[in-house]
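Structural description and commentary
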Amino acid sequence: MKNSTGLLILLVLMRLVSMVEARPIHYGAINDPGLLACDQLDWNGKKQQAVDCYRSLQQQKREPAILAEVSWALGDIKEANTLFQTAVKLNPDDAAIRVRWGELFIQTYQYQDALDLFKEALERDPENAYARIGSARALIERFESDAVKSLQPVLENNNAPAGARLQASLLLARLAIEATSSDEAVSQLQQAESIATQAGLPKLEIYALYATLDLLKGKKDSEWIKKALEINPVWGDLYAIPGYFFWIGRRYREAIDLYSEAVRIQPDHWLAHMELGINLLRNNEVTRAREQMHIAYHGDPYNPKTVNTLRLLDTFVDFDVLTRPEKPAANLFPKMIFRLHKDESPVLVDYAEQLAGKGIDEYSQRYQFTPKEPVVIEIYPNHEDFVVRTIGMPGVGILGATFGYLFAMDSPTDHADNEYHWGTTLWHELAHVFTLEMTDHLIPRWFSEGISVYEEWRSGPIKGVRIPVNVLEAMVERKFLPIAELDGGFIRPSYDEQVIVSYMQAGLVCDFFDQKYGFGKIVDMLAQYKKGLDTSTVIGDVFGLSVTDFDKQFATFVEQQYGELLAHLDQWKKLQSESIKAFAAEDWDSVIEKSEQAIRIFPEYVESDSPYVLLAQAYAANKNVDKEMDTLLAFWKRGGYVPPASKKLANLLYQANRKNEALEVMYSINYVAPFDVELHTTLGDWMLEANRAEQALREYQVVLAMKPHDLADAHYRVARASHLLARDDEARRHLLAALEIAPHYRPAQKLLLETTQTKQQQ
Amino acid sequence: MVFATILENHMNRNFLFCLLFVLPLPAMALLNVTVIQGLDGEAEYGKQFSAQVKTVFSAVESVTDKNNIVVFSGNDVSRDKLLAHFDQLGKTLKPVDQLLVIMVGHGSYDGFEYKFNIPGPDLTGADLVNMLKVQTTKLQVIINTSSSSGALLDLLKGDGRTVITATRNGEERLATRFGTYFTNALEDSAADINKNNAVSLQEAFTYAERMSKDYFENQGQLATEHPVMSGDKATQFVLARTVTGATDTSDPELAQLLIKREQLDISIEQLQLRKDELPADDYLNQLQQLMIDMSLVQDSIDQKGQPAGEK
């Protein structure tokens with residue numbers, strides 16, 4: 001993780017040193033007729049003439065700000081950066097230069113630097129509309145919701161330059177498309193077209209966005225594409241712009257087609273090659289992806305997304321690709337394919353296969369959908385590698401991402417706190433595979449996330465509705481969104497915790513559907529979304545409700561389910577806090593009293609600081625083993641999964657001769673913290689005791705794969721289980737391996753005599 | 001007692017074999033242990049250091065007479081006392097004897113000089129060099145679990161000396177975890193990799209190094225210490241025995257069995273040295289036969305109440 005971050009910084013710095021990248025359309029922040037003349041040639045697809053024109057400006061030794069634009073247009077970002085720097089020094093009060101410099105930073109993904117420059121520009125010229133537009137763009141790139149606040153005033157200000165107003169309309173149109181508000185998008189584009197016509201500004205982006213709307217509706221022969229091609233037949237953004245909207249809408253296969261078109265008409269569109277590569281990777285087309293990334297790298301070796309992704313691809317040699325079943329029946333594809341790091345695959349693969357196999361079977365039955373391809377599951381030991389695999393850049397706090405039949409997720413090894421239940425993440429992402437594929441990726445984000453959360457709660461490895469306290473607080477403050485706007489809570493959150501609040505709301509909505517109308521309605525909704533219908537229509541068709549009526553019903557449901565808890569939330573928080581304080585003071589009677597009260601108010605709270613955990617420890621301190629065990633069991637049954645608590649519970653159950661339960665609890669730790677030699681050794685021993693030698697062998701093999709300190713013992717245990725399974729060769733091999741390390745290891749010596757004598761007797 | 005401190009490798013086993021059964025009475029080598037507990041700085045460290053020293057004492061008591069163990073802690077520690085102690089050892093220990101020095105506490109390094117923090121003037125790296133220089137014992141082991149202890153590596157290594165430090169250089173200045181893990185190894189049977197009921201210096205170091213690495217990985221932290229061991233006597237040097245029991249050498253049958261076991265050990269080691277030369281099946285078949293023989297011998301020894309492993 002740290003290395004990747006370091007790499008990013010390095011790459012960003014390198015990118016400013018030199019880079020070859022197309023310059024976005026310049027809408028006139030710097031007003032210069034000579035530059036405009038060259039730009040117009042460029043917009044009209046007269047590439048060579050444009051290059052000649054820019055070079056002539058260079059020869060004229062124009063002022064640094066213009067020469068910066070020229071260098072940028074000619075692909076020399078390093079020089080452009082230097083020239084902007086010089087220009088700013090020479091003209092410290094010129095807001096326009098800082099605006100354009102900021103826009104250069106946006107292109108190099110350095111949004112905070114860009115924002116700083118726009119801020120500086122506004123300090124010098126508070127009325128500079130281009131600076132406001134620049135700020136909005138940087139915020140949009142960071143998926144922040146405040147962007148609109150800067151745009152509307154510019155649009156409404158008739159004194160603002162046409163180029164700024166045009167950009168405001170274009171950005172608002174983009175946001176509207178993203179929010180699937182096509183009417184609003186069209187309205188903005190009409191306004192943009194009017195401004196462009198009056199001011200003689202280029203309309204290429206307007207046409208590309210109109211084309212996007214057509215393509216999103218399934219209209220492939222959009223007239224807007226033809227219109228744009230007539231103006232500029234080599235403008236790759238005509239396809240790359242819609243490509244962007246398809247990939248953020250998780251329609252990766254169509255994005256691949258669009259980026260392919262972009263690079264077909266503009267082979268030197270390195271960004272499009274890069275995006276094509278990333279989307280091919282999302283579609284598990286690794287070889288083609290690598291080809292495209294190499295092309296992108298050849299053209300622009302300093303793009304951090306390109307370099308990060310290529311470096312990630314280089315690490316694929318360290319991964320095992322494992323198909324399950326290993327040998328599928330004739331004419332059948334394997335059910336699952338795992339890409340797991342070689343250091344981790346021997347530990348993870350069986351547990352991942354077991355859970356994913358169960359999930360595929362259950363989901364196939366419930367959603368009446370059979371996967372048409374193998375489900376590809378990638379688990380990354382380095383979180384930032386996983387994020388780069390997802391978006392090309394590090395630095396995003398997500399745990400899993402599904403691209404269709406392929407999903408990628410974090411390995412538990414990257415979560416030292418043991419609070420990451422990787423089994424639940426796998427279950428969550430697997431649900432996305434079904435909801436995406438059975439709707440041809442047309443399901444809205446809120447519903448896809450809602451179903452995945454709902455499945456975590458109702459069918460996942462740790463069952464039970466788990467709503468974080470901060471979400472409950474948001475519920476108290478009535479922060480749930482109307483269903484028609486719920487997608488916005490995921491894509492452009494307006495406050496820090498809105499994403500998690502939206503997840504929980506979406507999960508509750510699905511729970512509501514199930515409880516009030518039956519699970520079948522969820523499947524019906526999926527069928528409707530596959531037709532390309534929007535949420536209002538789907539709610540109307542499936543439930544006969546308007547979205548407003550639906551919101552009212554849902555609010556009633558939330559009140560019925562959580563009203564009592566929400567009314568006592570403050571009291572619970574107080575009790576929880578008092579329990580923790582009493583715990584610190586080792587006042588066990590007080591811990592018991594406060595924790596029990598807290599549990600009565602909010603029995604579903606099973607995070608690591610849960611009152612159950614405190615209560616169990618208080619009982620342990622009072623040497624009340626039965627109550628300690630009962631408390632830990634209640635915690636575990638409600639979905640508590642803190643590994644030390646689970647281990648303690650398993651051992652208590654084992655000591656109480658409740659061995660099957662002990663095994664079940666101990667086994668559940670595999671989906672939280674599987675890289676634990678003691679865990680697998682104990683599981684193996686208990687399974688052997690329960691005459692489950694096959695499973696015991698698997699546990700012991702996991703121990704061996706972890707290269708434990710006590711290697712002789714690990715070999716010995718594998719040998720013992722193998723011997724019980726009459727796998728003599730394997731038993732002999734491991735026994736000798738144990739004795740080779742520890743010739744005096746008595747248990748191994750005894751087993752050796754036993755096995756050889758048995759063989760002689762046979 | 002002496003033999004407990006030696007020798008697990010092939011050459012030394014042969015030597016032991018000769019000593020036991022060919023020579024009438026070998027010269028008795030003596031293991032002398034000096035444990036130095038430095039200043040704690042904070043009460044919590046004080047508890048940790050005292051616990052570590054206690055464990056070390058208990059462990060080395062299983063391999064040498066307690067009269068040969070000296071512990072400096074609390075107000076007993078001073079630079080002068082330590083210098084005098086080692087000066088005296090230099091005069092009394094013989095070349096065949098062995099010297100084990102274990103230092104538990106905090107260290108510091110200012111870019112030029114290492115200092116082990118004790119009451120009064122600190123003990124410097126130069127002091128340590130001088131203290132060890134006057135020793136005539138051939139086999140010297142120094143273990144320093146303090147912060148910055150890696151600064152001592154270049155100063156102390158060489159002359160056949162085995163040096164273990166908690167850090168790889170003087171720049172790793174944070175309080176270390178290595179000492180805790182190293183002393184844990186002395187009483188954890190899991191540290192006994194070869195199951196001979198004895199924990200060698202090598203085994204203790206491997207255990208502690210791994211535990212230390214695992215700690216930082218499990219915490220998701222960059223490691224602030226990297227233990228280092230230099231010298232080549234670590235596998236031979238036994239720090240603790242996990243099973244104790246005297247050998248009844250008056251029983252001739254048991255003596256023969258022990259000789260047989262020793263011979264088998266040698267044969268096994270010789271076979272292992274030829275592993276790469278032999279076809280895999282041949283190697284495994286021969287190994288299996290030797291291990292069966294070893295197991296049968298051990299069965300017989302067990303019947304006479306003699307523990308397995310370390311002789």
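These numbers come from a predicted model, not from an experiment.

Conventions and cut-offs
- Residues numbered from 1 in each chain as written.
- Chains lettered and ligands numbered in written order.
- Predicted model: local features only at pLDDT ≥ 70, side-chain atom pairs only at ≥ 80, totals over all residues.
- Heavy atoms only, no water.
- Helix = DSSP H or I, 4+ residues; strand = E, 2+ residues; numbered from the N terminus.
- Rg over C-alpha atoms; globule rule 2.2 N^0.38 Å.
- Buried < 20%, exposed > 50% of the residue type's maximum accessible area, 1.4 Å probe, protein only.
- Contact = heavy atoms within 4.5 Å.
- Areas by Shrake-Rupley, 256 points an atom, 1.4 Å probe, with all protein chains shown as cover.
- pLDDT = per-residue confidence, 0-100.
- Domains from an automatic or database assignment.
- Buried area = accessible area lost by both parts, 1.4 Å probe.
- Salt bridge = Lys/Arg side-chain N within 4 Å of Asp/Glu carboxyl O.
- Polar contact = N/O pair within 3.5 Å; in protein donor to acceptor, adjacent residues only side chain to side chain.

**As for the overall build of chain A**
Assigned secondary structure in chain A consists of 39 helices and five strands. Against the globule reference of 27 Å for 762 residues, chain A gives a C-alpha radius of gyration of 30 Å, in line with a compact fold. Along the first, second and third principal axes, the C-alpha set of chain A runs to 95 × 60 × 55 Å. Expressed as a percentage of its 762 residues, the buried residues of chain A come to 57%. Relative to all contacts within chain A whose residues are 6 or more apart in sequence, the contacts with residues 24 or more apart total 61%. Surface accessibility of chain A: about 31,500 Å² in total, with carbon and sulfur atoms responsible for 50%.

**Notes on the confidence of the model for chain A**
Per-residue pLDDT for chain A has a mean of 92; in total, 96% of the residues score no lower than 70. Element-level mean pLDDT values for chain A span from 36 in helix 1 (residues 2-17) of chain A up to 98 in helix 21 (residues 422-437) of chain A.

**Quick look at the domain arrangement of chain B**
Taken domain by domain, chain B comprises domain 1 (2-241) and domain 2 (252-303). Taking only C-alpha atoms into account, the centre of domain 1 of chain B sits 33 Å from that of domain 2 of chain B.

**Some points on the side chain of S135 of chain A**
Of note, S135 of chain A is situated in helix 8 (residues 129-141). Excluding residues that lie within four positions of it along the chain, S135 of chain A makes contacts with L115 and F118 of chain A.

**A closer look at the interface of chain B and chain A**
Opposite the 34 residues of chain B that make contact, chain A presents 23 residues. When chain B packs against chain A, the two sides together hide about 2,400 Å² of surface, and 58% of this comes from carbon and sulfur. Between chain B and chain A we count four salt bridges in total. Measuring nitrogen to oxygen at the nearest pair gives 3.1 Å for the salt bridge that ties E740 of chain A to K275 of chain B. In this assembly, chain B and chain A are joined by 11 residue pairs in polar contact (both at pLDDT 80 or more). In terms of residue count, helix 10 (residues 280-303) of chain B provides more of the side of chain B that touches chain A than any other element does, 13 residues in total.

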